[in-house]
Amino acid sequence: MSSKAQSSYNLNQARQTVQQLRLEARNERIKVSKASADLMNYCIECARTDPLLMGIPASENPFKEKKPCTIL
Amino acid sequence: MGEMEQLRKEAESLKDQITAARKAVQDSTLQEAAAGITVVGRIQMKTRKTLRGHLAKIYAMHWSTDSKLCVSASQDGKLIVWDSVTTNKVNAIPLKSSWVMTCAYAPSGNLVACGGLDNMCSIYNLKGKDGNVKVMRELAAHTGYLSCCRFISDTEIITSSGDCTCILWDIETGTQKTVFAGHQGDCMSLAVAPDFKFFISGACDFTAKLWDIREGTCRQTFGGHESDVNAIGFFPNGNAVITGSDDATCKLFDLRADQELITYQDSSIMCGVTSLAPSLSGRLILAGYDDFNVNIWDMLKAERVGVLAGHDNRVSCIGVSADGMACCTGSWDSFLKIWN
């Protein structure tokens with residue numbers, strides 16, 4: 001790129017960067033305490049139905065090899 | 001003052017404004033909020049299945065929404081669709097280019113996609129009339145490698161690339177709908193929000209960005225990592241983002257508070273994070289590392305609560321099935337393992 005083209009490219013980049021930052025600066029933000037509480041509540045509410053967290057009983061695990069049983 | 005200098009000053013001022021606005025809502029920390037919660041007990045998972053068949057490094061895997069089938073991509077030049085329960089290969093698709101870096105399963109189960117150093121995203125129809133799996137579309141426009149791709153539906157897919165952009169494609173016409181530009185480094189991975197309205201991308205500029213799919217705009221940018229962001233995922237309710245980086249840490253960013261809430265790190269872990277996936281409730285974060293292991297983190301307490309050790313080389317990809325019943329890991333050792 002010629003040096004003139006490079007400076008006009010850099011100028012465009014800078015304009016876009018500022019435009020993007022203006023957008024992001026305007027975002028509404030909630031308090032960290034509320035964000036954290038909501039995350040915690042979600043985890044707690046969904047815990048019981050999280051198989052990797054609770055463990056899966058062998059009889060309900062489609063990936064577990066079924067051991068053969070002998071009937072005595 | 002020249003315009004360039006003016007713009008530079010305004011950029012600095014805006015960055016300070018954002019930092020101040022983030023600090024202004026920091027009335028607590030996630031650590032403090034979770035102080036009363038006990039750490040999750042030790043998580044021990046076993047390898048239930050080993051999927052053997054690839055002849056070279058596995059670079060990517062993705063579960064089908066049915067929680068039984070999954071697709072994997074290897075630099076042996078094949079995409080394999082597996083039945084994870086029986087370990088049978090449902091499809092073995094030979095690729096034009098063996099330099100594949102990503103693969104994806106469409107939510108419908110009808111299509112799979114892949115791409116890599118060919119700079120293209122190839123779409124394959126698994127449900128063709130004569131039973132043969134053929135290339136349906138080749139999406140070409142990126143000027144860099146394809147690092148990740150995720151379907152929105154059978155007609156739309158999002159790709160991330162080493163050319164620093166992400167693209168939303170119309171699969172039917174094979175054309176670009178929207179180009180998402182803004183990252184200052186290679187885009188390494190992407191994840192679509194549960195409501196399909198947003199997606200997030202992680203890049204080699206050390207940041208993660210949240211994008212509005214329909215508006216085509218970047219809504220938020222998250223910094224803090226000290227190296228490339230290789231892996232990214234949404235917390236299950238869509239309100240937070242988890243990232244994994246070459247700086248050996250994972251981080252949780254809350255979207256509504258617009259900031260990092262916690263970092264998952266340990267002084268004994270010194271290698272990069274390659275991949276990550278949350279468990280169904282989001283309480284566990286499973287992260288794959290360069291040291292051949294997967295570490296399981298308690299998302300709220302930032303403590304390591306388990307390890308999946310079983311691969312003989314780097315864990316390159318990880319996924320938790322939609323019903324949360326199993327975790328699948330893929331490795332440079334050429335095997336996939338199913339754990340629960």
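The shown structure was predicted, so the numbers you read here are calculated from the model rather than taken from an experiment.

(A) Looking closely at the UniProt feature "coiled-coil region" (unreviewed entry) in chain B. Within the UniProt annotation, "coiled-coil region" (unreviewed entry) is assigned to residues 4-31 of chain B. The distance separating the terminal C-alpha atoms of residues 4-31 of chain B is 42 Å; by composition the span is 82% helix and 0% strand.

(B) Structural view of the pairing of strand E8 (residues 120-125) of chain B. All names here are of chain B. Among the six residues that make up E8, five are buried, leaving the element largely enclosed by the rest of the structure. Where strand E7 (residues 111-116) meets E8, five bridges bridge the pair, whose relative direction is antiparallel. Opposite leucine 111, over in E8, you have asparagine 125 as the bridge partner. Linking two consecutive strands that pair antiparallel, namely E7 and E8, is a turn of three residues; a positive phi of about 65° is found at asparagine 119 within it. Inspection of the sheet shows E8 paired to strand E9 (residues 134-140) by six bridges, in the antiparallel sense. Bridge pairing in E9 places serine 122 opposite glutamate 138.

(C) Inspection of the sheet that holds strand E14 (residues 187-192) of chain B at higher detail. The strand order across the open sheet built from four strands is E14-E15-E16-E17 (chain B), with neighbouring strands paired in antiparallel fashion. Two strands bound the open sheet, and with one partner strand each, they are E14 and strand E17 (217-222) of chain B. For this sheet the average axis-to-axis angle between neighbouring strands, irrespective of direction, equals 25°. Pairing analysis gives five bridges linking strand E16 (residues 208-212) of chain B to E17(B), with the strands arranged antiparallel. Looking at the pairing, B:Trp211 lines up with B:Cys218 of E17(B). The strands that helix H1 (residues 3-25) of chain A touches are E16 and E17 of chain B; relative to E17(B), the one it contacts most, it runs at about 75°.

(D) Fine view of the state of the cysteines. For the structure shown, the criterion picks out zero disulfides over all chains. The thiol sulfur of A:Cys46 is not disulfide-bonded, and the nearest other cysteine sulfur, from A:Cys43, lies at 7.7 Å. The thiol of B:Cys218 is unpaired, and the distance to the nearest cysteine sulfur, on B:Cys166, comes to 10 Å.

About the criteria used
- Residues numbered from 1 in each chain as written.
- Chains lettered and ligands numbered in written order.
- Predicted model: local features only at pLDDT ≥ 70, side-chain atom pairs only at ≥ 80, totals over all residues.
- Heavy atoms only, no water.
- UniProt positions renumbered as here; feature names shortened; annotations may be inferred.
- Helix = DSSP H or I, 4+ residues; strand = E, 2+ residues; numbered from the N terminus.
- Buried < 20%, exposed > 50% of the residue type's maximum accessible area, 1.4 Å probe, protein only.
- Pairing = 2+ DSSP bridges.
- Axes fitted to C-alpha atoms, helices over the stretch in contact; angles between N-to-C directions.
- Contact = heavy atoms within 4.5 Å.
- Disulfide = S-S within 2.5 Å.

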